[in-house]
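Chain by chain, the residues run as shown.
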Amino acid sequence: MFVDTVVEDKALHKPAFLIGLSVAVLAFFFAFNFTNTIFGEFLSPVIGNPEESGLFGRFVVSFVLSVIFVLNLLAISFARLKIQILIVWFELFLLFLAFAYSFDLKLSFIQSRIGLMISKGLFTTIYISAVSIVIATAIAIVGAIAKLSNNGFAYAIASFYTSLFRGLPLLLQVYLIYKGLPQLGFMVDAIPSGIAALSLCYGAYMTEIFRAGIQSIPKGQWEASRALGFKSGLILRKIILPQSIPIIVPPTGNQFIAMLKDSSLVSVLGIWELMYLAKTLGQRDFRHMEMLLTAAMIYWGLTIILEMIQARIERKYQQKT
């Protein structure tokens, strides 16, 4: 996080900004009308029956919510930065839980099936994503080198590949590989088809990431290395790539997180990953929201772990540079 060294008054501590924010928040809550929610029921001693309170009840509820919202922001602004982040995360998480609770979830149903979702679905999702990112990285390195070469044949193949697989929806690629290859005489199972689609699709995106990272290194280093008699492969491995890794890591980490979520698309092939289990386990009892929200929380937890790993890797390379 970038920390500004210039100390100035916070916007929330300025009366003019505070009044303007209060008016804007009041208008927002009034426009969306929260009278028929739990807030309206809580203020029923003041406004009466929420459904019959009309504009008066709508204004009172909006006013109370806006006051709570602005006072909350004002109180948080006096805390330290890390405390502010923790408080806001906690409050937003409570709002998410309140949103989930509004669906009248059956917790016992979730408890009876979450074991299968983790032992089978989570394992399959991580396996498909991990194998795909390794293959995609290998494809990206080869593709980036080809796009930076003076060989017209290699550049044409690499540019055609990136254009094709970046131009087609991933779901379409999954279907083309799974249903198209058998018509050519290649029988491919569902999991290898899903891995192939993810690898080829994200390999195309990562090719451009690797190319940009390599090109970010000054050309003079390459020329100086060649002048010293180093071979092209040695220059790339020992000089260029190590310097480009700190530039490549952040977008590559983002691609892996995106791939983890896009692996849900292979559920259309009947693979028992998280999304497939979330759709099927709740069908018999019509408890779809329980399974979908459970899958959402698992995906969210995985992305948080990956974000932490990515941040640690970035800090490691920043210290080296």
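What counts and what doesn't
Residues numbered from 1 in each chain as written. Predicted model: local features only at pLDDT ≥ 70, side-chain atom pairs only at ≥ 80, totals over all residues. Heavy atoms only, no water. Helix = DSSP H or I, 4+ residues; strand = E, 2+ residues; numbered from the N terminus. Rg over C-alpha atoms; globule rule 2.2 N^0.38 Å. Buried < 20%, exposed > 50% of the residue type's maximum accessible area, 1.4 Å probe, protein only. Contact = heavy atoms within 4.5 Å. Areas by Shrake-Rupley, 256 points an atom, 1.4 Å probe, with all protein chains shown as cover. Lys, Arg positive; Asp, Glu negative; His and termini not counted. Charge placed at Lys NZ, Arg CZ, Asp CG, Glu CD. Axes fitted to C-alpha atoms, helices over the stretch in contact; angles between N-to-C directions. Parallel < 35°, antiparallel > 145°, perpendicular 65-115°, else oblique. Left-handed = near helix turned anticlockwise from the far one by under 90°. Nonpolar A, V, L, I, M, F, W, Y, C, P; charged D, E, K, R; others polar. Domains from an automatic or database assignment. Buried area = accessible area lost by both parts, 1.4 Å probe. Salt bridge = Lys/Arg side-chain N within 4 Å of Asp/Glu carboxyl O. Polar contact = N/O pair within 3.5 Å; in protein donor to acceptor, adjacent residues only side chain to side chain. Core = buried A, V, L, I, M, F, W, Y, C linked by side-chain atoms within 4.5 Å.

(A) Highlighting the overall build of the protein chain. Along the protein chain, the regular secondary structure elements total 13 helices and zero strands. Counting from the amino terminus, the protein chain carries its helices and strands in the arrangement α-α-α-α-α-α-α-α-α-α-α-α-α. For the protein chain, whose C-alpha radius of gyration is 27 Å, the value lies well above the compact-globule estimate of 20 Å for 321 residues. Across its three principal axes, the protein chain shows a C-alpha extent of roughly 85 × 60 × 30 Å. By the burial criterion, 32% of the 321 residues in the protein chain qualify as buried. Nonlocal contacts in the protein chain, meaning residues at least 24 apart in sequence, comprise 73% of its contacts between residues at least 6 apart. With the model as given, the accessible surface of the protein chain reaches about 20,000 Å², and the carbon-plus-sulfur share is 69%. In the protein chain, 25 side chains carry a positive charge and 17 a negative one; their mean positions are 15 Å apart.

(B) Highlighting the packing of helix H1 (residues 15-32) against helix H4 (residues 54-77). Packing of H1 against H4 leaves a shortest axis separation of 8 Å and a crossing angle of 135°. Here H4 runs oblique to H1, going by the angle between their axes. Judged by the sense of rotation from one axis to the other, the crossing of H1 with H4 is right-handed. Here Leu18, Leu21, Ser22, Val25, Leu26, Phe29, Phe30 and Ala31 of H1 lie close against H4, whose contacting residues are Leu55, Arg58, Phe59, Ser62, Phe63, Leu65, Ser66, Phe69, Val70, Leu73 and Leu74. Of the residues assigned to the contact of H1 with H4, the class counts are 15 nonpolar, three polar and one charged.

(C) Representation of the domain arrangement of the protein chain in the model. Partitioning the protein chain into structural domains gives domain 1 (11-101) and domain 2 (107-320). For domain 1 and domain 2, the distance between their C-alpha centroids amounts to 40 Å. If you look at the interface, domain 1 gives four residues, while domain 2 gives four residues. Interface area for domain 1 against domain 2, summed over the two sides, is near 380 Å², with a carbon-plus-sulfur share of 96%. Among the residues domain 1 hides against domain 2, the three largest losses belong to Trp89, Phe93 and Phe96. Together they make up 76% of the total. Along the contact surface separating domain 1 from domain 2 lie zero salt bridges. Our count for the contact surface shared by domain 1 and domain 2 stands at zero residue pairs in polar contact (both at pLDDT 80 or more). Looking at the side of domain 1 that touches domain 2 residue by residue, the classes come out as four nonpolar, no polar and no charged.

(D) Representation of the nonpolar core. Among the nonpolar cores identified, the biggest contains 28 residues, and Leu170, Leu198, Tyr202 and Met206 are the most heavily contacted of them. Contributions of two or more residues to this core are made by helix H6 (107-148), helix H8 (170-180), helix H9 (190-215) and helix H11 (232-262). In this structure Met206 touches Ile133, Ala136, Thr137, Ala140, Thr252 and Gln255, once residues within four positions along its chain are discounted. Core analysis: the next-biggest nonpolar cluster, separate from the first, contains 16 residues, Ile257, Leu277, Tyr299 and Leu306 among them.

(E) Here's a closer look at the pattern of salt bridges. A complete count under the given rule lists four salt bridges for this structure. A salt bridge links Arg211 to Glu208; its shortest N-O distance comes to 2.8 Å. In this pair, Arg211 and Glu208 are both assigned in helix H9, three residues apart and thus about one turn of the helix distant. The exposure class assigned to Arg211 is partly exposed, which follows from its relative accessible area of 22%. For the salt bridge of Glu290 with Arg287, the shortest nitrogen-to-oxygen distance reads 2.8 Å. Salt bridges sharing common partners tie together Lys147, Arg166, Glu208 and Arg211.

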